[in-house]
Amino acid sequence: MYCVYVDGQYGTTGLKIKDYLSKHQNVQILTIDYEKRRDPETRKKYMNEADIVFLCLPDQAAKEAVKLIENSETRIIDASSAHRIDDDWAYGIPELGPTQRDRIKNSKRVSVPGCHATAAILALSPLVKGGIVPKNYPAAIFSVTGYSGGGKDVIAKYESGNRDRHLDIPRHYALSQNHKHLPEIQKYAGLDDKPMLIPVICDYYKGLAVSIPLFSNKLAKDHSPEEIRHFLANYYSGEPFVNVMPNETEGFLEDGSFDITACNDTNRAELFVLGNDDRIMLMTRLDNLGKGASGAAIQCMNIMLEIPEQTGLV
Ligand SMILES: NC(=O)C1=CN([C@@H]2O[C@H](COP(=O)(O)OP(=O)(O)OC[C@H]3O[C@@H](n4cnc5c(N)ncnc54)[C@H](OP(=O)(O)O)[C@@H]3O)[C@@H](O)[C@H]2O)C=CC1
Ligand SMILES: CC(=O)N[C@@H](CCC(=O)OP(=O)(O)O)C(=O)O
């Protein structure tokens, strides 16, 4: 039995991680009183007692929390973006390549990626590594997300009885191209330059999909959607949590429309390759609180504890 503490356990990702852990047979959870949730001394005590600490905090608080851990045994899984491109931390996408699971397993510090980033990297990284998408490709990522991605303050605004009418409609944000996910997407997708990210937050709780256009004449050589689909399916064959849709209709509703929430309450990411020989569209959908955050954090914990990776996850 492993002892686990979730710092930020009353927040959005923290509550979801606690929910996963409560059904997990291999762990015992340390619960902090609500009133003490920000008290450094109490948090420090729990963190140093735990085998694994999840950090579900804003970036600055996550950096400070790391300093509270004084023993060399406690292992950290950070859901914030404080350590995502830090080479001393393993990046928490086990599917990133053949050595990534070992990197996570052997690390005391794991940084779980952001939701937009996970979806974009799962689609782009194999294609850049495989030479299909050139490293200097000017990637643009359009991302539609539910409001839980913004954390408890944003959730409270969306769920307030007398909310602003602007929350009824889709809202673009971070259009100045300074979104904090850009560096991690560039690094782990293997791109020379930061991509463009166009996120849109909408009036539903959770579920995210990115769309990434590929112009065939800008690829290293011509590829049909079928070839790229086949390549990705081979790359992810045997992966329990990444599914590549086998054709252009699978995964869509009967009327041909797209359900952005179809991976909700799972740790699954689904990849689509659509379009035609000239203009190809990559898409990934996932639960921003599943494979996009808390589910991925549990998957990394299982790898670190060397227990079956699917334990507690669907
Ligand atoms: N929501 C999502 O889909 C995703 C979120 N993330 C990242 O995970 C992290 C947590 O996000 P999320 O759960 O959404 O955020 P929330 O705002 O919902 O929760 C954050 C929690 O951290 C607590 N907290 C804040 N500052 C401190 C502090 N100094 N000491 C102790 N506790 C503190 C808050 O306490 P209080 O109750 O007092 O406010 C709150 O409970 C963020 O870095 C976020 O960017 C990553 C991927 C996806
Ligand atoms: C809707 C919304 O605001 N989403 C967040 C992403 C949530 C997430 O992935 O968190 P990290 O930033 O910690 O990676 C955003 O775009 O910043």
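Residues numbered from 1 in each chain as written. Chains lettered and ligands numbered in written order. Predicted model: local features only at pLDDT ≥ 70, side-chain atom pairs only at ≥ 80, totals over all residues. Heavy atoms only, no water.

Naming follows an unreviewed UniProt entry, where the protein chain appears as N-acetyl-gamma-glutamyl-phosphate reductase of Sporolactobacillus nakayamae. The Function (unreviewed entry) field of the UniProt record for the protein chain holds the comment "Catalyzes the NADPH-dependent reduction of N-acetyl-5-glutamyl phosphate to yield N-acetyl-L-glutamate 5-semialdehyde." Here the protein chain is described in UniProt, under the heading Pathway (unreviewed entry), as follows: "Amino-acid biosynthesis; L-arginine biosynthesis; N(2)-acetyl-L-ornithine from L-glutamate: step 3/4." (UniProt positions renumbered as here; feature names shortened; annotations may be inferred.)

> Got a minute to help me understand the overall build of the protein chain in this structure?
Within the protein chain, the regular secondary structure consists of nine helices and 13 strands. Since a compact globule built from 314 residues should have a radius of gyration of about 20 Å, the 19 Å found for the protein chain is in line with a globular shape. When its C-alpha atoms are laid out on the principal axes, the protein chain stretches across 60 × 50 × 35 Å. Here the protein chain holds 314 residues, and 54% of them are scored as buried. Taking the contacts inside the protein chain whose residues are at least 6 apart along the sequence as the reference set, 69% of them involve residues at least 24 apart. Roughly 14200 Å² of accessible area belongs to the protein chain as shown, and the carbon and sulfur atoms make up 50% of that amount. A distance of 4 Å separates the average location of the 36 positive side-chain charges in the protein chain from that of its 42 negative side-chain charges. (Helix = DSSP H or I, 4+ residues; strand = E, 2+ residues; numbered from the N terminus. Rg over C-alpha atoms; globule rule 2.2 N^0.38 Å. Buried < 20%, exposed > 50% of the residue type's maximum accessible area, 1.4 Å probe, protein only. Contact = heavy atoms within 4.5 Å. Areas by Shrake-Rupley, 256 points an atom, 1.4 Å probe, with all protein chains shown as cover. Lys, Arg positive; Asp, Glu negative; His and termini not counted. Charge placed at Lys NZ, Arg CZ, Asp CG, Glu CD.)

> It is not clear to me how the sheet that holds strand 8 (residues 171–172) should be interpreted in this structure. Could you clarify?
Two modes of strand pairing occur in sheets, parallel and antiparallel, and in both the strands are linked by backbone hydrogen bonds. Pairing within the open sheet is mixed, and its seven strands lie in the order 8-9-7-10-13-12-11. Looking at strand neighbours, the two that pair on one side only are strand 8 and strand 11 (242–244), the edges of this open sheet. When strand 7 (residues 140–146) meets strand 10 (residues 208–215), the two strands line up antiparallel, connected through four bridges. Along strand 10, the bridge assignment pairs S143 with V210. Strands in contact with helix 5 (residues 115–129) are strand 7, strand 9 (196–202), strand 10, strand 11, strand 12 (269–275) and strand 13 (279–286); relative to strand 10, the strand with the most contacts, it is inclined by about 35°. (Pairing = 2+ DSSP bridges. Axes fitted to C-alpha atoms, helices over the stretch in contact; angles between N-to-C directions.)

> Even after reading the chapter, I still don't get the site of ligand 2, so can you show me in this structure?
Surrounding ligand 2, one finds 13 residues, the nearest of these being C115, Y173, H179, K180 and H181. For ligand 2, an oxygen atom lies 2.7 Å from a polar atom in the side chain of H179. Within the contact set of ligand 2, an oxygen atom lies 3.2 Å away from a side-chain nitrogen or oxygen of K180. In the complex, the protein chains occlude 82% of the 420 Å² of accessible area that ligand 2 would expose alone. Residue composition of the shell around ligand 2, grouped by class: three nonpolar, eight polar and two charged. (Near = heavy atom within 4 Å. Polar contact = N/O pair within 3.5 Å; in protein donor to acceptor, adjacent residues only side chain to side chain. Nonpolar A, V, L, I, M, F, W, Y, C, P; charged D, E, K, R; others polar.)

> Honestly, the site of ligand 1 in this entry has me stumped. Any pointers?
Residues in contact with ligand 1 amount to 25 residues; listed here are only the nearest, T12, T13, R38, L57 and K152. Separating a nitrogen atom of ligand 1 from a side-chain N or O atom of R43 is a distance of 3.5 Å. In the model, an oxygen atom of ligand 1 is placed 2.8 Å from a nitrogen or oxygen of the K152 main chain. Computed on the free molecule, ligand 1 has an accessible area of 910 Å², of which 85% lies beneath the protein chains in the complex. Taken together, the residues that form the shell around ligand 1 break down as eight nonpolar, 10 polar and seven charged. Residue-level mapping places the shell around ligand 1 at the junction of two domains, with at least three residues from each of domain 1 (2–112 + 293–304) and domain 2 (115–286). (Domains from an automatic or database assignment.)

> Is there a simple way to think about the pattern of salt bridges in this case?
Any two side chains of opposite charge can pair if their charged atoms end up close together. Evaluated as defined, the whole model comprises 19 salt bridges. One salt bridge in this structure joins R43 and D7, with 2.7 Å as the shortest N-O distance. Remark: D7 occurs in strand 1 (residues 2–7) and R43 occurs in helix 2 (residues 40–49); sequence separation between them is 36 residues. Grouping residues by exposure puts R43 and D7 together as buried. For D168, the salt bridge is made with R163, and the minimal N-O distance between the two is 2.8 Å. Judged by its relative accessible area of 46%, D168 falls in the partly exposed class. Using a relative accessible area of 23% as the deciding quantity, one classes R163 as partly exposed. When salt bridges with common partners are traced through the structure, they connect K16, D19 and K23 into a single cluster. (Salt bridge = Lys/Arg side-chain N within 4 Å of Asp/Glu carboxyl O.)

> Would you mind going over the UniProt feature "active site" (unreviewed entry) in the protein chain with me for this structure?
According to UniProt, the "active site" (unreviewed entry) feature falls on C115. Among the secondary structure elements, C115 is positioned in helix 5. If we ignore the near neighbours within four places in the chain, the residues touching C115 are H181, L208, L286, N288 and G292.

> So what exactly am I meant to see when it comes to the environment of P134 here?
Position of P134 relative to the elements: it lies in the loop between helix 5 and strand 7. A C-alpha to C-alpha distance of 40 Å links P134 and K67, two positions 67 residues apart in sequence. If sequence neighbours within four positions are ignored, P134 has contacts with L191, K218, L219 and A220.

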